[in-house]
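# Structure assessment
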Amino acid sequence: MRATLPSLCAAFMASMYFRSYFGIVGPQLSQELKLDPAEFGDLASAFFASFSLLQIPVGLAFDRWGVRWPMCLMMTAGAAGSAMVASSMTFWWSVLGQGLIGVGCAPIFMGVLYFLGVSEPSERAGRLATIVSSIGSVGALLSASSLSWFTERFGWRSA
């Protein structure tokens, strides 16, 4: 449990970051790729579409295999998606990358709750879930403040 809780906090922080980051880099990405408003909307929605579509399959995977392997595999897909968005030269490559980021973030909060629910007494699990959620929410702040500063100075791809 000692290493697991910090890992879950970091994963949730990354998930919150990726839920918010597109609001900062999206306009520059859109301008560089010459996206029209509909394409921009589709690209912004790709994350949330894949994220939401996977909620039931993720729950089933957790029931069958536990939390570790589904989360690891899906977070690896999310990391690949992040690299795809950063290197994208076309709309469709960006959409695929955004979708994979959604795949990577889909299991995280549910995984936190599932893991704590099966490994801790309910009273302690509730407190730990609150701690993970609080620490993880810093990811949204990081995407809003530091990412904005970094993007202005170094461009969206480096960010």
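Scope of this entry: the structure provided in the associated data block. Only a predicted model underlies this, so the values are computations on that prediction, with no experimental measurement involved.

### Section: the overall build of the protein
Helix and strand content of the protein: 10 helices and zero strands. Going from N to C terminus, the protein has its helices and strands arranged as α-α-α-α-α-α-α-α-α-α. In terms of principal-axis extent, the alpha carbons of the protein reach across some 50 × 30 × 20 Å. Sorting the 159 residues of the protein into buried and exposed places 39% on the buried side. At a minimum sequence separation of 6, the contacts of the protein that also span at least 24 residues come to 75%. Carbon and sulfur atoms form 68% of the exposed surface of the protein, whose accessible area is close to 8600 Å². Distance between charge centroids for the protein: 12 Å, based on 9 positive and 8 negative side chains.

### Focus: the state of the cysteines
Per the stated rule, a full pass over the model turns up zero disulfides. In this structure Cys9 is a free cysteine whose sulfur lies 15 Å from that of Cys105, the closest cysteine sulfur available. The buried category is assigned to Cys9, whose relative accessible area is 8%. The closest cysteine sulfur to the non-disulfide-bonded Cys72 is located on Cys105, 14 Å from its own sulfur.

### Let's talk about the nonpolar core
Within the largest apolar cluster, 38 residues are counted, with the highest numbers of intra-cluster contacts made by Tyr21, Leu29 and Leu43. Among the elements of the structure, α1 (4-20), α2 (22-33), α3 (37-53), α4 (55-65), α5 (68-86), α6 (91-105), α7 (108-119) and α8 (122-136) are those that each provide at least two residues to this core. Per-element tally for this core: the top contributor is α1, with seven residues. Ignoring any residue separated from it by four or fewer positions in sequence, one finds Tyr21 in contact with Val85, Gln98, Ile101, Ser143 and Leu147.

### Side note on the side chain of Glu120
Structurally, the position occupied by Glu120 is in the loop between α7 and α8. For Glu120, a relative accessible area of 16% corresponds to the buried category. Within the structure, the side chain of Glu120 is placed 2.7 Å from the side chain of Arg124, a separation counted as a polar contact.

### Things to note about α8
A turn of α-helix holds 3.6 residues, and therefore any two residues three or four places apart point the same way. Under the 1.5 Å per step criterion, the end-to-end length of α8 is 20 Å for 15 residues, consistent within 8% with the ideal 21 Å. For α8, the complete set of buried residues consists of Ala125, Leu128, Ala129, Val132 and Gly136. Mapping the buried residues of α8 onto a view down its axis gives an arc of 105°, with all of them on the same face. Buried residues along α8 sit in contact with α1, α7 and α9 (138-144).

### Comments concerning the side chain of Thr151
Topologically, Thr151 is positioned in helix α10 (residues 146-154). For Thr151, a relative accessible area of 3% puts it in the buried group. A distance of 2.7 Å separates a polar atom in the side chain of Thr151 from the backbone oxygen of Leu147. Sequence-distant contacts of Thr151, defined by excluding residues within four places in its chain, comprise Ile24, Val25, Gln28, Trp156 and Ala159.

Rules used throughout
- Residues numbered from 1 in each chain as written.
- Predicted model: local features only at pLDDT ≥ 70, side-chain atom pairs only at ≥ 80, totals over all residues.
- Heavy atoms only, no water.
- Helix = DSSP H or I, 4+ residues; strand = E, 2+ residues; numbered from the N terminus.
- Buried < 20%, exposed > 50% of the residue type's maximum accessible area, 1.4 Å probe, protein only.
- Contact = heavy atoms within 4.5 Å.
- Areas by Shrake-Rupley, 256 points an atom, 1.4 Å probe, with all protein chains shown as cover.
- Lys, Arg positive; Asp, Glu negative; His and termini not counted.
- Charge placed at Lys NZ, Arg CZ, Asp CG, Glu CD.
- Disulfide = S-S within 2.5 Å.
- Core = buried A, V, L, I, M, F, W, Y, C linked by side-chain atoms within 4.5 Å.
- Polar contact = N/O pair within 3.5 Å; in protein donor to acceptor, adjacent residues only side chain to side chain.
- Expected span 1.5 Å × (residues − 1).
- Arc of directions from axis to C-beta.

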